[in-house]
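# Coordinates in review
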Amino acid sequence: MTSRKMSFFEFWRSRKERGALLEAANQLRLHPSQLRRLLEDSGVRAALQNTRMASLLPPVGTEVFRRFMPASLGEIQQRHEAEEERENRKKNKEVSKKDGPKPASELEAGKPLPFFYGDPPSKLLNTPLEELDPYYQSQKTFITLSRGNIIQRFNAEPACCLLSPFSPLRNLAINILNHSLFSLFITVTILINCVFMTMSDPPAWSRAVEYVFTAIYTFETVIKVVCRGLCVGNFTFLRDPWNWLDIIVISTAYLAEFVDFGKCSVLITVPRVLKLITVIPGLRMTVGALVQSAKRLAGIIVLMVFCLSVFALISLQLFMGSLRQKCIIMPPWMGNLSSNLDYYDYENGHAAFDFDEYKNSSVNQYFLPGQLDALLCGNSSNAGSCPEGYVCMKGGANPNYGFTNYDSFGWTLLSLFRLMTQDFWENLVMLTLRANGTNYLIFFMLVVFPGCFCILSLFLAVVAMASSEWEEASIAEAKQKEGEFRQILQVLKTREEEEQGAGRAEVSEKQATESGEDQRSRPQCCSTFTDLFLKWRCCGCCRWLKQRLSPFVMSPFFDLGIVICLISNTIFIAMEHYPMTMEFEELLSIADLVFTAIFTAEMVLRLVAMEPYGYFQVGWHIFDSIIVATSLVGLALADIEGLSFLRFFQLMRVFRLARWWPSFHMWIKIIWTSLRSLRNLILLLLIMVFIFSVAGMQLFGKDYKECVCRIAHDCELPRWHMHDFFNAFLSIIRALCGQWIEILWDCMEVSGQATCLIFFVMFVVIGNFLVLNLFLTVLLSSFTSDSLVAPEKNEKNTLHIAVSRISRAVMKTGMLEHIFVSLGKKNHANPDHTVVDSLHEYRKDNMTLNLLTADQSVPKAEIEIELKMPENEGEKKKRCEGQQDADCKDQKGNTPENCCADKCYRCCPFLDVDTSRGGGRFWSNFRKTCFLIVQHKYFELFIIFIILLSSVALVFEDIHLQQRQVLKVVVETADQVFTYLFLLEMLLKWIGYGLKKYFTDAWCWLDFLILDVFLVSLMANMLGFSELGAIQSLRTLRALGPLRALSRFKGPRVVVEVLVLSIPFIIDAVLVLQMVWLIFSVLGVNLFAGKFYYCFNETSEELFSVGQVANKSECAHLIMENYTEVRWKNLMINYDNVHNGFQSLLQLAASPDIMDLRYAAVDSREVESQPVYESNQYMSLYFICFSISSFFSLNFFIRAIINSLQRHKFGGKYVFMTEEQQKSSKAMKTRFFKKPQTPVPRPKNQCQAWLFDLVTKPHFEVFMVVMICLNMVPLMVETYHQSIEKEEALYWCNFLFIVIFFIEFILKITAFGWRYFTDRWNILDFLVIATSIVGMFVADLMMMYLYLVPVLCPVFRLARIVRILYLSRCTRGIRKLLVAFMMSLPALFNIGLLFFLIMFTFSILGMFNFAYVKPGAAIDDLFNFETFWSSMVCMFMTSTSAGWFGLLYPILNTPPDCDPYAEHPGLAVRGDCSSPVTGIIFFTTYVLLSFLLVLHLYIVVFLQTFNSEDIEELCDDDLQRFYKTWRKFDPDSSQFIEYSKLSDFCNALQDPLRIPKPNTIKLIQMDLPLFPGDKIHCVDVFLTLAAQVLDDSEKMGTLKARMEEMLKASSSKGSHEPISSTLRRKQEEVAAKVIQRAYRKHLQPGDTKETAVQSVDGGGGVSDSSRLCGALE
């Protein structure tokens, strides 16, 4: 019943405090003197007796750590007997079991010893000690403390019934087990064993090594069994599930000697790798936390399976068998009817020509060059077409070895799962659209992608909440430790103050003596070495030189110079390219020498000025010295081959900029702190990758080698396989990056479907779960507590100080000279004041863009340009906030503002006319009229309508417009009309608003610039210059016209405002990421520059082998011999220079599924050499490193966005919403949770009442839910090419379910009457039944006229499955997530509308610029930019940054790859080339914008879902369920139950009202009124439970009214008055027990043993009654 009170942004802002708290909690230590007082001073213990730690401390005067001796067993036995006797005397045994003492969480096995125990003596380490936990002091257990004070707990019973705890053999085994060297030995053994696992073909002697491993694992298991015992008792060997791994390891090792496991050898290797979790400290706890977080994913996984199943069934009905449609060459007899007679065998009575075999033969199918699958086609007008001579029909197998299809539910589900994970999804959509038509893009846009987005976003939010809860638990534990520490210090301080002065002096003297002893105990050799070699203070020359150099080195200008040198060095490094002249190479070498000398001199100067002791105290100086040392070594060994990697250290100089660049420093800190603080999670991810790599090699390695011909025509292993460990590792890493489907296809083809599917689906789920946990933990954790704050919020470093000094000096000098010259004065009293005044006057006359200030809220923010004007003496103008076109009203009402700025009136006085008479008055009235016109709402609606019409007109300007003359005339005329209307709008606004106000509004500037484009285009057409290249380029900008709609719609405008405010943070993050990319780009240039060239035969479209052509010179020789088909080509995306390197990295980051770049790198050899297949395979590590950096870069980018949102006070729950949308979102939540459900009254008619009782029984509802689930089965088993018998069986099954549902409808409508339609679920059932009946009996008619309706009718019946989410108890969390998603729909709609406008605009831009591009790569006859719809399809494909380089490749073509003079039949346009620069800018801009918007879509759902648990809501269903549970305990409907039943009742409730057992103390604290007979009332219980969920008095009042209304028929509370309360009654009981115990003690003074056992809890702790009294107080 806990609720999240902290919103996401509050949680985000508290990161710094949380990080400081965790760090402080790990450093809590008590001084030895303080520890002695805590353990020995009875006064201190008395002051702490009511605290939790008091029960964990030993009695005063006793030792903390006592050896476990034979006498200890006797004491344990006595405590155990006394505890049993005490429990037998208690009346309520259930309370004694439930609410009794529990194990202390601080003293659990595997945790470090709490700070208040201090450090044990070294001689007691690894020695059996008596229990410290009072819970176990009455049980036969003992503990040991290993290195690091880690607690280990053992069973005190004889191990294996032979070895007692005092046996020397067992003690030796315990010492071995707890010794750090033993753990290190086992860890090294496992790692060495892992090395042998990676060998696909191990040597013969590895068999002997396997025996050694088996012996070591056996020895480890024997040691553990000897230490702990086998299975009898707690803390024995088999009681720990992790020890089961040892049993599995040993049993499989010995069994392997007699049985050949074959592929099942993975059962031997996997447990051995998993043993790393048991030996590496902290991994067990991490696994436990992940398991707990995975439990929260149960609901979202159910929702995911449900949605995927529904989408799969819809796709199955729509696309079944469509991917078999191929272009097949027409048989000879199809063109001639008479020849058909030759293909029939009249003698045997059957066709001599097998048409099915003809269709299925790949020889008769059309293949595109280089493609393994035949070209798909469709028979609709907008589907793929076949070349001449081919006909489209179904035949052959499905694409991708037959695994991509919609022929059955299983394969459709796999396709939808691939679509959800966005792995090569654009290929699946393209295949589907080519076979069925591009109209089905709407299905993917409106159904599949929103649904998959909903699932992924909710999955992300749930994982984030689990990660935050994990950290909150750590924070709570840290707070508890810190509170205890402060309490101890406070008590010690109070105790010291109570002592006499002499006592305090003695204590202080003693502490001083101890500290002096600690200082004297330090070794003197270290200080001597430091004074002699690290502190240069002996020589007077050194001191003099240090005094002279220190001010220079410590000066801010010295740092500024170093930064300038670093930037210059980076520029020179980035200038390297291919090919370079000898002079340029020499210039770069000289620059390298100069910069090396500069940085060496810097290091020497800092060493002399700071001394080595001070120099190496700074981490950045250590890094600088390493870089300088490696640079000098690289220069000394420059002529030696193989040491080129030293140049990488010179590139590391770029990281030195992070010392003065806070954001860059933050990025480095995120990586460093993640590797340090999240090492357990990272290790777990690496272990998982290793396990799947080894398992993949063992399961599928041999199959890849034996069946390789199935997936490769040349029978050579493909690039992605699992024959050896390294390639298996690369395949697993690729799958972890989200590209698993292609590897799965090859695996299923060579090794079978079942094993590969289980393997890869399991890896994708587990891998993504771990990666998401790691990503969100890095994002939300408090160890990276530094925020990306604004520059003005940061402390100024030396670079800021130097720049500010220079700027002040320059400005002061320039301004003063200007003032002196203008005023003619040489003396001045206050120059600073003059400068400030001049700057103030200067700023007054300047126009500044004020998009949104930080203290404004989003809904009222408007993008404006403010003009800061001086205030006139008798006049003050007030600005007011409003809509974009709303004017600020002054004292006269709707009078427009001045037309021009004040400066214009001062310069041109004739503009200031008198508006009270003559022409000025007419002008003023005319302006007021225009002002009223543009202010009218219908004027705005008219402009919006014109914008939409003009956008629609742009759609028709495709390549076919020239052939449609009538449409062309209409479009051109409409373009002119729209231009004139927009011009009229602008003139009206100029006159009505005035030029000053018009041009101080950013949205008006957008309208003005777009109108200028339209006007220039119109004038060029009139003057006959429309064919000029510049005019044609300018005409393409007319596609920006739809963006004018942004200012007219409030929702997208709010999104734009928030994005604009995020620009400074985004730019800062982008600059950091560009610096990181610069490092990888320069590294790529050094590794791959000039190595991506290849000699290519354009006729056969194949590369020459190395035996034919080895390098560029041999290829040039072939070209000179007139081999015209030979070309020396370069990869379009390469690393020949830094600019191309950035393009390559953008491809890797935005579209990692394109592998051309990686393949070229792996095949590269030397510069200008012909590539060889996988000759340089380890170059893949470069791309893996970049992927890792992209992981942290994306995390850093999201941090910047979230920091922007919370810094501009968008921290509420409703980001990206207008005020109206916020109100509707709140109302939606209120309606969902609090909509009253009026119960249907029971009919008075006997028959109708019997039916009412029948349909309202839970069993009836369960039966209908089962029927709904079974209704899915006939749809799931439906397949392509199913038999007639199966079709008939499925038909009658569907008919049977329709009959069942119809009977249910009849029963319910008879029982409920007209109230049947008051329930929304009944309405849904009625619609489903009606549709099913209509779809069954008029199917033929609907097939004839409405083809899609009968197909979707069976799927529509699945809508009833939604009822399961309403009825099931376990789906409450799912409903809460869905409500959170629904509340974020307005914000999603705003971002989606903006996304659509951008997609629409870029589709028109693509159609204007790339309509005539030569087909190639992803551009073909169906997916191109020739028409608006095909362009829209292409833009949709690239919306998730997938496959966009396939569209860019043909645009990058230059002659001779394209023909600039190619003719297009029927068109006057020439050429099929485009501008590569335009293409790069176009796609880069669109990919970045779409990435930013999609990222914000996820952030919106994430924030809304994260904030959905801040306050638990109670709906009417909770009240109904409470009342139903109450009726079970109150069958007489008296509204009262006995107080003794309250514990069972609260445990039987459902969340969020449920209080699970043990709940005695919680129920006592509720303080319920008690009525005569120790009874409690229904309303009191409900309101008290609800108060723990709701903290709103108004909501509580509403719930009370509804509860009383429900019970008013049998209300009986008014006749009774409470006589007591539960809290008071418990206090009376406790007081009575204390009195009885004291009286019994008085009567039996000699019997002290029992009293001691009852009053002392095992050694210093207080009794249960005392703790209970403390809790009650």
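So, how was this worked out
Residues numbered from 1 in each chain as written. Predicted model: local features only at pLDDT ≥ 70, side-chain atom pairs only at ≥ 80, totals over all residues. Heavy atoms only, no water. Helix = DSSP H or I, 4+ residues; strand = E, 2+ residues; numbered from the N terminus. Contact = heavy atoms within 4.5 Å. Areas by Shrake-Rupley, 256 points an atom, 1.4 Å probe, with all protein chains shown as cover. Disulfide = S-S within 2.5 Å. Buried < 20%, exposed > 50% of the residue type's maximum accessible area, 1.4 Å probe, protein only. Expected span 1.5 Å × (residues − 1). Phe/Tyr/Trp six-rings, centres within 6.5 Å; stacked < 30°, edge-to-face > 60°. Lys NZ or Arg CZ within 6 Å of the ring centre and 35° of its normal. Core = buried A, V, L, I, M, F, W, Y, C linked by side-chain atoms within 4.5 Å. pLDDT = per-residue confidence, 0-100. Patch = residues over 30% accessible without salt bridge, like charges linked within 9 Å, V, L, I, M, F, W, Y side chains within 5 Å. Salt bridge = Lys/Arg side-chain N within 4 Å of Asp/Glu carboxyl O. Pairing = 2+ DSSP bridges. Polar contact = N/O pair within 3.5 Å; in protein donor to acceptor, adjacent residues only side chain to side chain. Axes fitted to C-alpha atoms, helices over the stretch in contact; angles between N-to-C directions. Parallel < 35°, antiparallel > 145°, perpendicular 65-115°, else oblique. Nonpolar A, V, L, I, M, F, W, Y, C, P; charged D, E, K, R; others polar.

## Regarding the overall build of the chain
Per the secondary structure count, the chain includes 66 helices and 15 strands. In the chain, the share of contacts with a sequence separation of at least 24, taken over all contacts with a separation of at least 6, comes to 75%. Carbon together with sulfur atoms contributes 62% to the accessible area of the chain, which is approximately 83,800 Å² in total.

## Some words on unusual backbone geometry
Of note, the amide linkage connecting Y578 to P579 takes the cis form, showing an omega dihedral of -5 degrees. Here P579 shows up in the loop between α22 (556–574) and α23 (582–615). Backbone torsion omega between P1455 and P1456 reads 10 degrees, so that peptide bond is classified as cis. Following the sequence through the fold, P1456 ends up in the loop between α57 (1444–1451) and α58 (1476–1506).

## Things to note about the state of the cysteines
Note on terminology: a disulfide is the covalent bond linking the sulfur atoms of two cysteines. Counted under the stated rule, the structure contains six disulfides. Covalent S-S linkage joins C327 and C386, the inter-sulfur distance amounting to 2.1 Å. Taking the sign of the S-S torsion, about -90 degrees here, the bridge from C327 to C386 comes out left-handed. Here C386 lies in the loop between α15 (355–360) and β6 (390–394) and C327 lies in strand β3 (residues 325–329), a separation of 59 residues in the sequence. Note on C386: relative accessible area 22%, which makes it partly exposed.

## What to know about helix α13 (residues 298–319)
Over its 22 residues, α13 extends 31 Å from the first C-alpha to the last, a length consistent with the 32 Å expected when each residue adds 1.5 Å. With 18 of 22 residues buried, α13 is to be regarded as a mostly interior element. In the segment just after α13, G321 is the residue with positive phi, at about 75 degrees.

## Some details on the packing of aromatic side chains
Throughout the structure, instances matching the rule amount to 87 aromatic pairs. Both rings, one in W923 and one in F926, keep their centres 6.2 Å apart while their planes meet at 40 degrees; by these two values the pair is tilted. Residue W923 and its partner F926 are located together in helix α34 (residues 918–935), separated by three residues, close to a single helical turn. Pairing F1088 with F1092 gives two aromatic rings, centres 5.6 Å apart and planes at 25 degrees, and the pair type is stacked. The same class applies to F1088 as to F1092, namely buried. In textbook terms, an aromatic cluster arises when at least three aromatic residues are bridged by ring pairs, as seen for F1402, F1410, F1425, W1444, F1445, Y1449, F1482, F1483 and Y1486. For the cation-ring pair, R719 lies above Y1159, with the distance from its terminal atom to the ring centre recorded as 4.4 Å. Stacked on the ring of F1096, the Lys or Arg K1129 has its end atom at 5.0 Å from the ring centre.

## A word on the nonpolar core
Membership of the largest hydrophobic core comes to 310 residues, with the highest contact counts inside it found for F444 and W667. Among the elements that line this core, the one with the most residues is helix α18 (residues 441–498), at 17 residues. Residue contacts for W667: discarding those within four places in its chain leaves F655, V1072, L1073, V1076, S1189, F1192, S1193 and F1196. In terms of nonpolar packing, the next biggest core, distinct from the first, is built from 28 residues, V64, A104, L113 and V491 among them.

## As for the confidence of the model for the chain
Residue-level pLDDT values for the chain average 78, and 80% of them are 70 or greater. Considering only residues more than four positions removed or in separate chains, one finds that residues 91–99, a stretch of pLDDT under 50, has nine contacts. Across residues 337–344, confidence stays below pLDDT 50; counting only partners more than four residues off in sequence or on other chains, it has 13 contacts.

## Thoughts on a nonpolar patch on the surface
A surface patch of nonpolar side chains, amounting to about 630 Å² of accessible area, comprises Y980, M1019, M1022, L1023, F1025 and L1028. Among the elements that make up the nonpolar patch, the one with the highest residue count is helix α38 (residues 1002–1023) (three residues). Positionally, Y980 belongs in helix α36 (residues 965–993).

## Remarks on the pairing of strand β1 (residues 141–146)
Counting buried positions along β1 gives six out of six residues, so the element sits mostly inside the fold. A two-sided burial pattern is seen for β1, the buried positions comprising T141, I143 and L145 on one face and F142, T144 and S146 on the other. Of the pairings in the sheet, the one linking β1 to strand β2 (residues 150–155) comprises six bridges and is antiparallel in character. Looking across to β2, one finds that L145 is bridged to I151. Hairpin remark: β1 followed by β2, antiparallel, with three residues in the connecting loop; positive phi at G148, about 85 degrees.

## Let's talk about the environment of D1472
Structurally, D1472 is set in the loop between α57 and α58. What makes D1472 buried here is its relative accessible area of 12%. In the structure, D1472 is positioned 21 residues away from I1451 in sequence and 9.2 Å away in space, judged by C-alpha atoms. What D1472 contacts, discounting residues up to four positions off in sequence, is Y1412, V1413, K1414, C1458, D1459, P1460, A1462 and H1464. A distance of 2.7 Å separates the side chain of D1472 from the backbone nitrogen of D1459, its partner in a polar contact.

## Observations concerning the packing of helix α17 (residues 425–436) against α18
Packed helix pairs are characterised by how far apart their axes lie and by the angle those axes make with each other. Across the interface, α17 lies against α18 with an axial gap of 10 Å and an inter-helix angle of 135 degrees. If you check the angle between α17 and α18, you find them oblique. For the pair α17 and α18, the contacting residues are W425, V429, T432 and L433 in the first and L441, F444 and F449 in the second. Here the contact of α17 with α18 is composed, by residue class, of six nonpolar, one polar and no charged.

## Description of the side chain of S804
Within the secondary structure, S804 sits in helix α31 (residues 798–823). For S804, a relative accessible area of 17% gives the class buried. Polar contacts involving the side chain of S804 include one to the main-chain carbonyl oxygen of I801, which spans 2.8 Å.

## Points about the pairing of strand β9 (residues 1093–1097)
Within β9, five of the five residues are buried, which leaves it mostly tucked inside the rest of the structure. Sheet topology places β9 next to strand β11 (residues 1126–1130); five bridges connect them, and they run antiparallel. When the sheet's bridge partners are listed, Y1094 is paired in β11 with K1129. Across two bridges, the pairing between β9 and strand β10 (residues 1102–1103) is antiparallel.

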